[in-house]
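Secondary and tertiary structure notes
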Amino acid sequence: MRTINRLTAIMIIMSSCVAVSQETVPKAASEVKLFKDNALGISFPEIGKVEKIVGAGYRMVLGSSDKISGNSPVARIFVSNEPFVDLPGSYGGRLYINSPAAGRLLKERVFVDTVRIDSIGFTREYWTVYAGMGAWETVINCYSLQSGKYYIVSFSHDVSGVKPGEFVDGKQITAQEVKARLLKSLRDSTNTAVQQFNQLVTSFRIDR
């Protein structure tokens, strides 16, 4: 197996997790335009360019200067009849949480807690799913059931890192070690993309 320097490996993982531009900073709440969808009964701040997703949803690309993974973190908002997490890179699309197919992938949820948004409790899940060839799919997925509909607000970033089982300075790196570093990056409140997502989450509203 290929052996690489430990410091180099750690730098690759940490810089590619949710590396963002130092020039891109979240706007103050007073500067952010509010986007409203009367049909879906939701409103949220435009922290990025709002793009419609086919099937009751929106996406916004967040600020990033990541040169390793070749993409930028993305925020998504959905209204659905069932709760799901979007895993196009590893699973191939929407993984419905309550479906039998979710059973084998639930172990990829590395941390679960709750967050209150506009006095509503949302389940918040952190996912780190290995897609193969050193590629990982990292996701923060928040959802809540209100009046028969699930409201889903998520953050996702496809990143590149060390392959599980790869040797670094003579020590074999485990999947759990990589997952721990990825989770730390997803919960890094000093990271610009995470700050933008937190701004989206805390300002998301359901018209009741």
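Residues numbered from 1 in each chain as written. Predicted model: local features only at pLDDT ≥ 70, side-chain atom pairs only at ≥ 80, totals over all residues. Heavy atoms only, no water.

**Focus: the sheet that holds strand β15 (residues 205-206)**
This is how it is decided: Whether two strands pair depends on DSSP finding at least two bridges between them. Strands here are runs of E lasting at least two residues and helices are runs of H or I lasting at least four, both read from the DSSP assignment and numbered beginning at the N terminus. Between two residues, a contact is recorded if the distance between any of their heavy atoms is within 4.5 Å. Structural elements are reduced to axes, namely lines fitted to C-alpha atoms, with helices fitted over the stretch in contact, and the angle between N-to-C directions of any two is expressed from 0 to 180 degrees.
What the three strands build is an open sheet, ordered β2-β3-β15; its pairing is antiparallel. Bordering the open sheet on either side are β2 (34-37) and β15, each of which pairs with just one other strand. In this structure, strand β3 (residues 42-45) lies alongside β15, joined through two bridges in antiparallel fashion. Within β15, the position partnered with Ile42 by the bridge is Ile206. Packed onto the sheet, helix α3 (residues 192-203) meets β3 and β15 and runs at close to 150° relative to β3.

**With respect to the pairing of strand β8 (residues 93-96)**
Pairing of strand β7 (residues 84-87) with β8 involves four bridges; the strand directions are antiparallel. By the bridge assignment, Phe84 is partnered in β8 with Tyr96. Taking the residues between adjacent antiparallel strands as the criterion, β7 and β8 are bridged by five residues, where Gly92 takes a positive phi near 105°.

**As for the nonpolar core**
For clarity, the cut-off: For our purposes a nonpolar core is just a set of buried Ala, Val, Leu, Ile, Met, Phe, Trp, Tyr and Cys residues, chained together by side-chain atoms within 4.5 Å. Each residue is placed in one exposure class: buried if its accessible area under a 1.4 Å probe, protein chains only, is under 20% of its type's maximum, exposed if it is over 50%, and partly exposed if it falls in between.
Core analysis: the biggest nonpolar cluster contains 29 residues, and Phe44, Ile77, Phe122, Phe197, Leu200 and Phe204 have the highest contact counts within it. Top element by residues in this core is α3. It accounts for four residues. Once residues within four sequence positions are removed from consideration, Phe44 is found in contact with Lys33, Leu34, Phe35, Val50, Tyr58, Met60, Ile77, Leu200, Ser203 and Phe204.

**A look at the packing of aromatic side chains**
Our working definition: Any two of the Phe, Tyr and Trp rings considered here, Trp counted by its six-membered ring, make a pair once their centres fall within 6.5 Å; the pair's planes then place it as stacked at under 30 degrees, edge-to-face at over 60, or tilted in between. A positively charged side chain is recorded as over a ring if its NZ (Lys) or CZ (Arg) lies within 6 Å of the ring centre. The angle to the ring normal must also be within 35 degrees.
One pass over the full model with this rule turns up 10 aromatic pairs. These aromatic residues form a ring-pair network of at least three members: Phe35, Phe44 and Tyr58. Over the face of the ring belonging to Tyr58 we find Lys52, whose NZ or CZ atom lies 5.1 Å from the ring centre. Positioned above the aromatic ring of Tyr126 is the side chain of Arg187, whose terminal nitrogen or guanidinium carbon lies 5.7 Å from the ring centre.

**Remarks on the pattern of salt bridges**
Where we set the bar: Salt bridge, as used here: a side-chain nitrogen of Lys or Arg that lies within 4 Å of a carboxyl oxygen of Asp or Glu.
All chains considered together, the criterion is met by nine salt bridges. The residue Lys107 makes a salt bridge to Glu108 at a minimum N-O spacing of 3.6 Å. Here Lys107 falls in the exposed class, since its relative accessible area comes to 60%. Glu108 sits in the buried class, given a relative accessible area of 12%. Lys171 serves as the salt-bridge partner of Glu177, at 2.8 Å between the closest nitrogen and oxygen. You can call Glu177 partly exposed: its relative accessible area is 25%. Among the residues examined, Lys171 registers a relative accessible area of 36% and is labelled partly exposed.

These figures capture arrangement, not role.
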